[in-house]
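Geometric and topological summary
Letter by letter, the chains look like this.
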Amino acid sequence: MAANTKAINVQESFKVTLVSPENGSYTVSPEIPEDGMVSSGTELTIQADPSDGFSLDAIYYTYKGGMWGTTSVENFTNTMKITVDKDMSIGATFVDDDLVSNLNVMHDVVYAKPGVKSLKYDVYSPKGAENLPLAIIVHGGGWSSNNEDIMRGLARELAKGNRYVVASIDYRWVNQLDGDEEPNAMHQLIEDVFGAIAHIQEHAARYGADPSKIAITGDSAGGHLSASAAILSPMIGDDGFGRANNVYEFMPSYIPKGKTVAEVKKEITDAIKVVAPSYGPFSASDFKQFMPEQAGQDYFNAVSPAAHVPNVTDRAIPHFIVRGTQDPLISNEVVQPYVEDLKENGQTVEYIQVEGAGHAFFDWKPDAQTRATFDKYGVPYAEEMKSFFDSVLY
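It should be emphasised that the depicted structure is a prediction, and the values quoted were computed from it without experimental measurement. The residue numbers shown here count from 1 along each chain, following its written sequence. Only residues with pLDDT of at least 70 get local features here, since the model is predicted, and only at 80 or more are side-chain atom pairs given and counted; chain-wide, interface and lining totals rely on the full set of residues. With hydrogens and water excluded, all non-hydrogen atoms of the structure serve as input to the side-chain values.

1. With respect to the overall build of the protein chain
Using the following cut-off: Helix and strand labels come from DSSP, where a helix needs a run of H or I of at least four residues and a strand needs a run of E of at least two; each type is numbered from the N terminus. Each radius of gyration reported is based on C-alpha atoms, and the globular scaling rule is 2.2 Å times the count of residues to the power 0.38. Using a 1.4 Å probe on the protein chains alone, a residue whose accessible area is under 20% of its type maximum counts as buried, one over 50% counts as exposed, and one in between counts as partly exposed.
Helix and strand content of the protein chain: 9 helices and 16 strands. Rg of the C-alpha trace for the protein chain: 22 Å, near the compact-globule value of 21 Å for 394 residues, within the 12% margin. If one aligns the C-alpha atoms of the protein chain with their principal axes, the spans along those axes are about 75 × 65 × 45 Å. Within the span of the protein chain, comprising 394 residues, buried residues form 52% of the whole.

2. Topic: the nonpolar core
Applied cut-off: Among buried residues, those of type Ala, Val, Leu, Ile, Met, Phe, Trp, Tyr and Cys that are joined through side-chain atoms within 4.5 Å constitute a nonpolar core. In what follows, a contact means two residues having at least one pair of non-hydrogen atoms within 4.5 Å.
Met186, Ile216 and Tyr299 are the most contacted members of the largest nonpolar core, which has 71 residues in total. By residue number, the principal contributor to this core is helix α3 (residues 186–202), which donates 9 residues. Apart from the residues lying within four places of it in its own chain, the contact partners of Met186 are Trp143, Val174, His224, Phe287, Phe290, Met291, Tyr299 and Val303. Membership of the second largest hydrophobic core comes to 33 residues, among which are Ala357, Trp364, Tyr377 and Phe388.

3. Examining the sheet that holds strand β7 (residues 79–83)
Going by this rule: When DSSP finds two or more bridges between a pair of strands, those strands are recorded as paired. Whenever a helix is involved, its axis is fitted only over the stretch in contact; in every case the axis is a line through C-alpha atoms, and angles between N-to-C directions fall within 0 to 180 degrees.
In space, the 3 strands of this open sheet follow the order β2-β4-β7, with antiparallel pairing throughout. The open sheet has two edge strands, β2 (24–29) and β7, and neither has a second partner. Recorded for the sheet is a direction-independent mean angle of 25° between the axes of neighbouring strands. Taken together, the 6 bridges between β2 and strand β4 (residues 43–50) define a ladder with antiparallel strand orientation. Bridging across to β4, Gly24 finds its partner in Pro50.

4. Here we look at the sheet that holds strand β1 (residues 13–18)
Taken in spatial order, the 5 strands line up as β3-β1-β8-β5-β6 in an open sheet, and their pairing is mixed. Strands at the two margins of the open sheet, each flanked by one partner only, are β3 (37–39) and β6 (70–75). Each neighbouring strand pair of the sheet contributes to a mean axis angle of 35°, computed without reference to strand direction. Sheet analysis places β1 next to β3, joined by 3 bridges and oriented antiparallel.

5. A look at the side chain of His319
This is how it is decided: Pairs of N or O atoms within 3.5 Å make up the polar contacts considered here, provided that, within protein, one atom can donate a hydrogen while the other can accept it, and that residues adjacent in sequence are counted only when both atoms are side-chain atoms.
Mapped onto the secondary structure, His319 falls in strand β15 (residues 319–324). A polar contact is formed between the side chain of His319 and the side chain of Tyr338, at a distance of 2.8 Å. Beyond its immediate sequence surroundings of up to four residues, His319 is in contact with Ile231, Val275, Pro277, Tyr338, Leu342, Thr348, Val349, Glu350 and Phe388.

6. Comments concerning the packing of α3 against helix α6 (residues 261–271)
Packed helices, taken two at a time, are described by the angle their axes make and the gap between the axes. Note the threshold: If an angle is under 35 degrees, it is roughly parallel; if it is over 145, roughly antiparallel; if it lies from 65 to 115, roughly perpendicular; otherwise it is oblique. Gly is put with the polar residues, along with every residue not named as nonpolar or charged; the nonpolar set is Ala, Val, Leu, Ile, Met, Phe, Trp, Tyr, Cys and Pro, and the charged set is Asp, Glu, Lys and Arg.
Running from amino to carboxyl end, α3 crosses α6 at an angle of 85°, the nearest separation of the two axes being 10 Å. On the basis of their axis angle, the class for α3 and α6 is roughly perpendicular. For the pair formed by α3 and α6, the contact residues are Phe194, Ile197, Ala198 and Gln201 on the first element and Val264, Glu267, Ile268 and Ala271 on the second. Residues of the contact of α3 with α6, tallied by class, amount to 6 nonpolar, 1 polar and 1 charged.

7. Notes on α3
Our working rule: One fewer than the residue count of a helix, multiplied by 1.5 Å, yields its expected span.
Taking 1.5 Å per residue as the helical rise, α3 with its 17 residues ought to reach 24 Å, and the 25 Å between its terminal C-alpha atoms agrees with that figure. Of all 17 residues in α3, 16 are buried; the element is thus mostly enclosed.

8. Details of the packing of aromatic side chains
What counts, and what does not: Pairing of aromatic rings covers Phe, Tyr and Trp, the last through its six-membered ring, and needs centres within 6.5 Å; plane angles under 30 degrees mean stacked, over 60 mean edge-to-face, and all others mean tilted.
All told, the structure shown has 18 aromatic pairs when counted by the stated rule. Centroid distance Phe361 to Tyr377: 6.0 Å. Interplanar angle 55°. Geometry classified as tilted. Of this pair, Phe361 sits in the loop between β16 (349–354) and α9 (368–393) while Tyr377 sits in helix α9; the two residues are 16 residues apart in sequence, bridging distant segments of the chain. The class of Phe361 is buried, set by a relative accessible area of 0%. Here the aromatic cluster, defined as three or more aromatic residues joined through ring pairs, consists of Phe194, Phe241, Tyr248, Phe250 and Tyr299.

9. Side note on the pattern of salt bridges
Side-chain pairs of opposite charge can arise where the charged atoms are in close proximity. Put simply, the rule reads: Salt bridges are defined by distance alone: a side-chain nitrogen of Lys or Arg within 4 Å of a carboxyl oxygen of Asp or Glu.
Enumeration according to the criterion identifies 14 salt bridges in this entry. Across the salt bridge formed by Lys160 and Glu157, the nearest N and O atoms sit 2.9 Å from each other. Looking at Lys160, the relative accessible area reads 37%, which means it is partly exposed. For Glu157, a relative accessible area of 7% translates into the label buried. For the salt bridge of Lys386 with Glu383, the shortest nitrogen-to-oxygen distance reads 3.7 Å. Placement of both Lys386 and Glu383 in helix α9 is noted, with a separation of 3 residues, approximately one turn of the helix. A relative accessible area of 6% places Lys386 in the buried class. Taken together, the salt bridges that share partners define one network made up of Asp57, Glu74, Arg152 and Arg156.

10. Description of the side chain of Thr370
Topologically, Thr370 is positioned in helix α9. Each residue touching Thr370, except ones within four places of it in the same chain, is listed here: Asp363, Trp364 and Lys365.

11. Brief notes about helix α8 (residues 332–344)
Applied cut-off: Think of it as the arc spanned by the lines of direction from the helix axis to the C-beta atoms.
Along its 13 residues, α8 runs 18 Å from first to last C-alpha, staying within 8% of the 18 Å computed at 1.5 Å per residue. Turning to α8, its buried residues are Val334, Val335, Tyr338, Val339 and Leu342. Buried residues along α8 cover an arc of 115° about the axis, so they all sit on one side. In α8, the exposed positions that point more than 90 degrees away from the buried face belong to Glu333 and Glu344.

Right, here's the structure in full:
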């Protein structure tokens, strides 16, 4: 008797939709059929050309899936090759020359590889930069999605005016979302932020930056992580995180050769002069669902900036905080207690509730709605943020 077999259904073609570009054009080779159906496995070559007065932002394709419903894969050179293996939209975005013409942009500087994923950052240096303060950005995404590319709009705005070298950093995702065999815990993400800062400081001269003057910002989950970098840096150490009772020390995922952990701790703590944690949570009680199941209150406190706010007489950490009045994820009730704690400790804090804004308005993605939101809210409040940084660093 013949063995029973099941037919394997292999999709032979997928729908490719071309997004109409603005301020430039792109070509696709081979051409997409009128019905948009392209054979599975076809390699497409996308060539982008900006209009006069504009530069390429990214060539991209977007597909359904991921934490936020859609995922975009981006390329920052004028040519991109895409293999069709799913339904997707293809497009290219362009930005005004004035945003990028005076910048040297360095993508994907790897600073550590503690797990499967290489950890990296991008640098936006004004041409001719020398000893400029550093503005470091930590992206959001629920500690479980996105990378440093989503902050490039904010990076360009902070670099505008040639007063800051900007670095946008990536870090591990919680649990096993990076593909690591062992789950990543919240303290390890904070250790990655410290590792990135140490690497950026080590190579600051190459970027035209002063490693002793740092402003750090981040949005959403990056708001928590940037506040952690600013507030928790005195807890950097090599005695382990929770291995012994009441000992919670962050070991940066990168330590420069020839430097002790104590030296790195001092350099980071002394260098961070100001922080702008945007629409983020500051106490673990507001993000317990992202924490290890076995974590107790001591662990929660150790990864909560709100539990470690210093008195200004011990250490001044001026804060610039924004959230949208229509933010469905981070309420005023989440932010206000942290603001009050800062004030009670004598810290300078400017807290702005942006009328009409929702969540993640500092994000930059290829879709038109995200870019329009950034133009409406991100651009003006990036300027406010930069002015606040200026008041501390200049």
